Amino acid sequence: MTENRPVRPQTGRHNLDPHLDRYAARTAGMTASEIRALFAVASRPEVVSLAGGMPNLAALPLDTLSAQVGELIAQEGLVALQYGSAHGVPALREQICEIMALEGIKAHPDDVVVTVGSQMGLDMVTRLFCDPGDVIIAEGPSYVGALGSFAAYQANVVHVAMDDHGLVPEGLRAALAETKKAGQRVKFLYTIPNFHNPGGVTLAVERRAEIVEICREHDILIVEDNPYGLLGFGGQTYPALRSIDPDNVVYLGSFSKTFASGLRVGWVLAPHAVREKLVLAAESATLCPPTLNQLIVSRYLATHDWMGQIKTFRENYRERRDALLSALEQHMPAGCSWTKPDGGFYVWMTVPEGVDTKAMLPRAVTARVAYASGTGFYADGFGSRQLRLSYCYPTPERIREGVRRLAAVLESEMDLARTFGNVSPRSISGPQNPSPDTV
């Protein structure tokens, strides 16, 4: 019978998604990344991808690790393959405290919550603190995965500029004053102080206490994201913001860049009261992080020269950074500028007026080179003259070839701009979600 069937309104358009009217309002901010759309093409072997932030794992002692994993399952399989605590394996939490001590952090293992990568920690912190319409202050540009989480919880992002020495304190003060004047509620400052993704710059030591004090004055939390802190090319480490103010800084850490990204083991160090809510949030999200992965990391830290391994990573990434910077100097046309990182994975590049890096990306992939366009790293659609170049994964030879190809594409775009005039970049609504090739 048909009389009891609901009548659908006739709009004259065919809806390809029958669930469209059922989604929560917060899904409106979930938009796809152009890099993800081009991933199948960019990952072809003939394409030099300078887009992805994938660690180079070739230096890992895979034979030793495979033997250790086998021993771990044989000896502790009944624990390793069982459910665990949402808080994380106690031994690993103790080891994490020892790692954070390298950056001046004094922490108790009880205040560490192990997560499925630091992205999970960032998502939980945003869920705990942000209501729809709340404001998050973040550097401009900022990590694309963070912007995706902020949009998912309907938070508004206000960007603060960086210079070669990181977040500009005067810019932070101005942003806080403007949001207060507008009656907006700022919940926290999100910052990547060391070897910024995507900016490549590091927050100057003399600015760190000032940034902390500004946030104290305005009663806003600091969320410090530090996946690259041990990857300084000179072996240097910087004092964590958490070491300056333990009561007002939530610290995010990860083993993805210093050990193995595929294990997805990260952590959150939070003030004690916040820790309790993080454990509850972790239980609702995953019930518990994978015990096996945590025990693999813990055994690696206990039995392997992990600091020596990090030194090897640093040397590999420094060689690749040098190859990228020298190739940029050799091939890039006049009017281009870029950051010169002393650690981490990324260079942030600005191209001449009239070139839109988002519009140029498909043509670059056609020329067999890929990058991450700058618009994905802003919540407000800016960044059309910027792009991120990642040097962590390709060999130095591939990096040099990729830059040569990119320079040729850029020269062609500049010729078009000179011939036909500047074309206004297309406005973008909302941040782009990350993919394995953009993080």
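Going along each chain's sequence as written, the residues are numbered from 1 onward. Totals for whole chains, interfaces and linings use all residues, but because this is a predicted model, local features are given only for residues with pLDDT of at least 70 and pairs of side-chain atoms are given and counted only at 80 or more. Excluding hydrogens and water, the side-chain figures rest on all heavy atoms present in the structure.

In the nomenclature of an unreviewed UniProt entry, the protein corresponds to GntR family transcriptional regulator from the organism Amycolatopsis coloradensis. UniProt positions are given in the numbering used here, feature names are shortened, and annotations may be inferred rather than shown by experiment. Comment text from UniProt for the protein, heading Sequence similarities (unreviewed entry), reads "Belongs to the class-I pyridoxal-phosphate-dependent aminotransferase family." UniProt's Cofactor (unreviewed entry) comment on the protein is quoted here verbatim: "pyridoxal 5'-phosphate".

**Observations concerning the side chain of D245**
Secondary structure elements are defined from DSSP: runs of H or I of at least 4 residues count as helices, runs of E of at least 2 residues count as strands, and each element is numbered from the N terminus. Considering the arrangement of structural elements, one finds D245 in the loop between α9 (241-244) and β8 (249-254). The buried label applies to any residue whose accessible area, calculated with a 1.4 Å probe on protein chains only, is under 20% of its type's maximum; exposed applies above 50%, and partly exposed to all values in between. Since its relative accessible area comes to 8%, D245 is described here as buried. Apart from residues lying up to four places away in sequence, D245 is in contact with V212 and R216. Contacts: residue pairs with any heavy atoms within 4.5 Å of one another.

**Description of the packing of aromatic side chains**
Stacked, tilted and edge-to-face are the three classes applied to pairs of Phe, Tyr and Trp rings, where Trp contributes its six-membered ring and a pair requires centres within 6.5 Å; stacked means planes under 30 degrees apart, edge-to-face means over 60, and tilted covers the rest. Per the stated rule, a full pass over the model turns up 13 aromatic pairs. On the numbers, 5.9 Å between centres and 85° between planes, the contact of Y228 with Y346 is edge-to-face. Highlighted residues: Y228 in the loop between β7 (221-225) and α9 and Y346 in strand β11 (residues 346-350), separated in sequence by 118 residues. Summarising the burial analysis for this pair, Y228 and Y346 share the class buried.

**Some words on the sheet that holds strand β10 (residues 337-338)**
In this analysis, strands are considered paired if DSSP registers two or more bridges between them. Ordered by their spatial adjacency, four strands build an open sheet running β10-β11-β14-β13, and the pairing between neighbours is antiparallel. Where the open sheet ends on each side, the last strands, each with one partner, are β10 and β13 (372-373). Judged from the five bridges that link them, β11 and strand β14 (residues 386-390) form a sheet pairing that is antiparallel. The residue of β14 that forms the bridge with Y346 is S390.

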